[in-house]
Amino acid sequence: MAQCIVENGVIIMYEVIYMKADYEPWWQFDGWEEEVIERCEFADLAAATAHFDNLRKQYTQKYPKVAAKDGKFLAFWSHDEKEYCEACEENLQMYHGLFIMNNGNVEKCF
């Protein structure tokens, strides 16, 4: 875990979140945290942004489709990557989402 910064009694910590779900990350439906594959913690925004940018480059090369929302969220996907949903009895598109959180709030990062 990264060393956290404390300002006025509040811990400042940035997390780069990678999630995979059958919806874009900006929807953050109830239980979205269960879809998180990786959380990387950083004590400052510059380090978190550098890691985010590195992941963005990797996913841009790997997935042909990308969408952004509010300068905060990125979603990557390929039309070939679908998973079967038994409850809805159909194949659902899978999305790879990236964003940065600061103390539980999504941070504008691009």
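Before reading further, recall that the structure is shown in the block above.
Rules used throughout
Note that residues are indexed from 1 along each chain, following the sequence as it is written. In view of the model being predicted, local features appear only for residues whose pLDDT reaches at least 70, and side-chain atom pairs are presented and counted only at 80 or more, with totals across whole chains, interfaces and linings using the full set of residues. Working from all heavy atoms in the structure, the side-chain values ignore hydrogens and water. At least two DSSP bridges between two strands are required for those strands to pair. Strands here are runs of E lasting at least two residues and helices are runs of H or I lasting at least four, both read from the DSSP assignment and numbered beginning at the N terminus. The buried label goes to any residue with under 20% of its type's maximum accessible area, the exposed label to any with over 50%, and the partly exposed label to all in between, with areas taken from a 1.4 Å probe on protein chains only. As used throughout, the charge tally considers Lys and Arg to be positive and Asp and Glu to be negative, leaving His and the chain termini uncounted. Every case where a carboxyl oxygen of Asp or Glu lies within 4 Å of a side-chain nitrogen of Lys or Arg is listed as a salt bridge. Here, two residues are considered to be in contact whenever any of their heavy atoms come within 4.5 Å of each other.

Participant: Please explain the pairing of strand β5 (residues 65-69) as it appears in this structure.
Facilitator: Within a regular strand, the side chains alternate between the two sheet faces. Bridging between β5 and strand β6 (residues 73-77) involves five bridges; their strand directions are antiparallel. In the strand pairing of β6, K65 is matched with W77. Linkage of β5 to β6, two consecutive antiparallel strands, is achieved through a turn of three residues, within which D70 is found at a positive phi near 60°.

Participant: Even after reading the chapter, I still don't get the side chain of E107, so can you show me in this structure?
Facilitator: Along the polypeptide, E107 turns up in strand β10 (residues 105-107). The buried charged residue E107 lacks any salt bridge, with K72 as its nearest oppositely charged partner at 8.2 Å. With residues up to four places along the chain from it excluded, the contact list for E107 reads Y14, L45, G71, K72, I100, M101 and N102.

Participant: So what exactly am I meant to see when it comes to the environment of A50 here?
Facilitator: You can see A50 is positioned in helix α1 (residues 45-62). Of the residues examined, A50 reaches a relative accessible area of 47% and is grouped as partly exposed. Separated by 34 residues in the primary sequence, A50 and V16 have C-alpha atoms spaced 9.9 Å apart.

Participant: Teacher, can you tell me more about the pattern of salt bridges here?
Facilitator: When their charged atoms lie close together, side chains carrying opposite charge are able to pair. According to the stated counting rule, one finds four salt bridges in the structure shown. Among the salt bridges present, the one from K20 reaches E81, with a minimum N-O distance of 3.2 Å. One end of the pair, K20, is in strand β3 (residues 14-21); the other, E81, is in the loop between β6 and β7 (82-85), and 61 residues separate them in sequence. When its relative accessible area of 23% is taken as the criterion, K20 is described as partly exposed. Between E83 and K20 there is a salt bridge, with the nearest N and O atoms lying 3.5 Å from each other. Here E83 is found in strand β7, whereas its partner K20 is found in strand β3, with 63 residues between them in sequence. Of the residues examined, E83 reaches a relative accessible area of 39% and is grouped as partly exposed. Each of K20, E81 and E83 takes part in a single network of salt bridges with overlapping partners.

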